[in-house]
Amino acid sequence: MIQETKLKLLEKEKKYSEEDHRTWSILFARQMAMIKGKVCDEFIDGMERLKLDSKRIPLLEQTSQKLQKLGAWKLVKAEQEYLTDRQWGDHFANREFPVTDYIRKPEELDFTPLPDIAHDYFGHLAFLTILHYMEIMELFSEAYSLTPAERLSETAQLWWNTMEFGLIKQDGKIRLLGAGLVSSEKECVHSQDPKRQIPFALEEAKRRPKAKYEVHDSYFVVESWNQLTDAIKEHIRDLRGMA
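Our subject in this report is the structure included herewith.

Thresholds, definitions, all that
- Just so you know, the residues in each chain are numbered from 1, in the order the chain's sequence is written.
- The predicted nature of this model means local features are confined to residues of pLDDT at least 70 and side-chain atom pairs, given and counted, to a pLDDT of 80 or more, with totals for whole chains, interfaces and linings taken over all residues.
- Note: side-chain values were computed over all heavy atoms of the structure, leaving out hydrogens and water.
- Only DSSP runs of H or I with at least four residues qualify as helices, and only runs of E with at least two residues qualify as strands; both kinds are numbered from the N terminus onward.
- As defined in this context, the radius of gyration uses C-alpha atoms, and a globule is described by 2.2 Å times the residue total to the power 0.38.
- Per-residue accessibility, obtained with a 1.4 Å probe over protein chains only, is compared with the maximum for each type, and a residue is labelled buried under 20%, exposed over 50%, and partly exposed between these values.
- A contact between two residues is defined here by any heavy atoms of the two lying within 4.5 Å.
- Following DSSP output, two strands are said to pair if at least two bridges run between them.
- Only C-alpha atoms enter the line fits that serve as axes; for helices the fit covers just the stretch in contact. Angles between N-to-C directions range over 0 to 180 degrees.
- A pair of Phe, Tyr and Trp rings is counted when the ring centres sit within 6.5 Å of each other, with Trp represented by its six-membered ring. The angle between the planes then sorts it: under 30 degrees is stacked, over 60 is edge-to-face, the rest tilted.
- For this analysis, a polar contact is any N or O atom pair within 3.5 Å, provided that within protein one partner can donate a hydrogen and the other can accept it, and provided that sequence-adjacent residues contribute only side-chain to side-chain pairs.
- Call a crossover right-handed when, viewed with both strands pointing away from you, the route from the first strand across the helix to the second goes clockwise.
- This arc corresponds to the set of directions leading from the helix axis out to the C-beta atoms.
- An angle below 35 degrees is treated as roughly parallel, one above 145 as roughly antiparallel, one from 65 to 115 as roughly perpendicular, and anything else as oblique.
- Crossing handedness is defined as follows: a turn of the near helix away from the far one that is anticlockwise and smaller than a right angle gives a left-handed crossing, while the clockwise case is right-handed.
- The classification used treats Ala, Val, Leu, Ile, Met, Phe, Trp, Tyr, Cys and Pro as nonpolar, Asp, Glu, Lys and Arg as charged, and all other residues, Gly among them, as polar.

**Regarding the overall build of the protein chain**
- In terms of regular secondary structure, the protein chain is built from twelve helices and six strands.
- Computed over its C-alpha atoms, the radius of gyration of the protein chain comes to 18 Å, within 12% of the 18 Å expected for a compact globule of 243 residues.
- Scored against the burial criterion, the 243 residues of the protein chain give a buried share of 51%.
- Considering only contacts within the protein chain whose residues lie at least 6 apart along the sequence, 68% involve residues at least 24 apart.

**Details of the sheet that holds strand β4 (residues 173-176)**
- Sheet architecture is open: four strands sit in the order β4-β3-β6-β5, paired in mixed fashion. A strand with exactly one partner marks an edge of an open sheet, and here the two such strands are β4 and β5 (197-199). Ignoring strand direction, the axes of neighbouring strands in this sheet form an average angle of 40°.
- In the sheet, strand β3 (residues 167-170) pairs with strand β6 (residues 219-222) via two bridges, with the strands oriented parallel.

**Digging into the packing of aromatic side chains**
- Under the defined criterion, the tally for this structure stands at 18 aromatic pairs.
- Here the aromatic rings of Trp73 and Phe92 are separated by 5.2 Å at their centres, their planes lie at 90°, and the arrangement is edge-to-face. Taken together, the residues Trp73 in the loop between α4 (60-69) and β1 (74-77) and Phe92 in helix α5 (residues 85-93) connect sequence positions 19 residues apart.
- A residue is classified by how much of its surface remains accessible, and Trp73, at 4% relative accessible area, is buried.
- Since its relative accessible area comes to 0%, Phe92 is described here as buried.
- Through pairs of rings, three or more aromatic residues link up here, namely Trp24, Phe28, Phe43, Phe122, Phe127, Tyr133 and Trp225.

**What to know about unusual backbone geometry**
- In this structure, Lys51 is a non-glycine residue whose phi angle is positive, near 55°.
- Within the secondary structure layout, Lys51 lies in the loop between α3 (41-50) and α4.
- You will see that Asp171, though not glycine, has its phi angle at about 55°, which is positive.
- As for its position among the elements, Asp171 is in the loop between β3 and β4.

**Focus on the side chain of Ser218**
- With respect to the secondary-structure elements, Ser218 resides in the loop between α11 (202-207) and β6.
- At 3.1 Å, the side chain of Ser218 and the side chain of Arg208 are in polar contact.
- Other than its neighbours up to four places away in sequence, Ser218 contacts Arg196, Ile198 and Arg208.

**A few points about the pairing of β1**
- With four bridges joining them, β1 and strand β2 (residues 96-99) adopt parallel strand pairing. Across the sheet, Leu75 pairs through a bridge with Phe97, a residue of β2.
- The parallel pair β1 and β2 is bridged by α5, and the resulting crossover is right-handed.

**Quick notes on α4**
- Along α4, the positions that sit buried rather than exposed are Leu60, Thr63, Ser64 and Leu67. The arc enclosing the buried residues of α4, seen along the axis, measures out at 100°, which places them on a common side.
- Each element contacted by the buried residues of α4 is listed here: α3, β1, β2 and α6 (117-124).
- Residue Gly71 follows α4 closely and has a positive phi angle near 95°.

**As for the environment of Tyr213**
- Positionally, Tyr213 belongs in the loop between α11 and β6.
- Look at Tyr213 and you get exposed, because its relative accessible area is 52%.
- Taking the C-alpha atoms as reference points, Tyr213 and His119, separated by 94 residues in sequence, lie 14 Å from one another.
- If we ignore the near neighbours within four places in the chain, the residues touching Tyr213 are Tyr82, Phe111, Pro113 and Leu114.

**Considering the packing of helix α2 (residues 18-35) against α6**
- Axis separation between α2 and α6 bottoms out at 11 Å; the angle between their running directions is 45°. Relative to α6, the element α2 lies oblique. Where α2 crosses over α6, the two elements pack in a sense that is right-handed. Contact with α2, carried on its side by Trp24, Leu27, Phe28, Gln31, Met32 and Ile35, involves Ile117, Ala118, Tyr121 and Phe122 of α6 and no other residues of that element.
- Residue classes in the contact of α2 with α6 are distributed as nine nonpolar, one polar and no charged.

Keep in mind these numbers describe shape, not what the thing actually does.
Take a look at the structure:
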């Protein structure tokens, strides 16, 4: 039975071409060099715990099992390139983290408007091994479960503007927090411009639309993990007040 499971996993790995694996390897090495000294401590700690293969694209099932042993949620295959706010919320309500199973083309190394393995695996998964990050994930799970259809964009945009494209103050410096910044060279470089860094404000973060297909003009800076946690709790209290 164990051997049969391993064979099935190997069969799934074969769908990636050698070009795909090279793209992953190039992106992994380049982004690790790019974010050195810029990313928050939790990402580095998470990478050390997760130990992703830097040369070959990781398998979803194996990576999910590893993450669950470290206290994270189960990984599931995303239904499409960009999930709707409702689809994303349903996965969070079920404590599932959706990931893609394809990787960008070599000519898209600097920037791709679509989420891919490089974004999902490199950008997000290290964080999922960190306890206080997972506590924030649990808060978002609660927020999504409470959010009515007419306010779904608020919860989704709060996630987007912090956990995807946010910055955080740490050790007297402004560091990368969002997975979209960690995994994209263009976004990473863009976010380092002080003129583009603005103080985090809950109401503004809930209402700022997602910039899916272009580099962001500006980035919210949270003062600390505690500020971010408190803001999500405030959003949850607001949603509960509607009930």
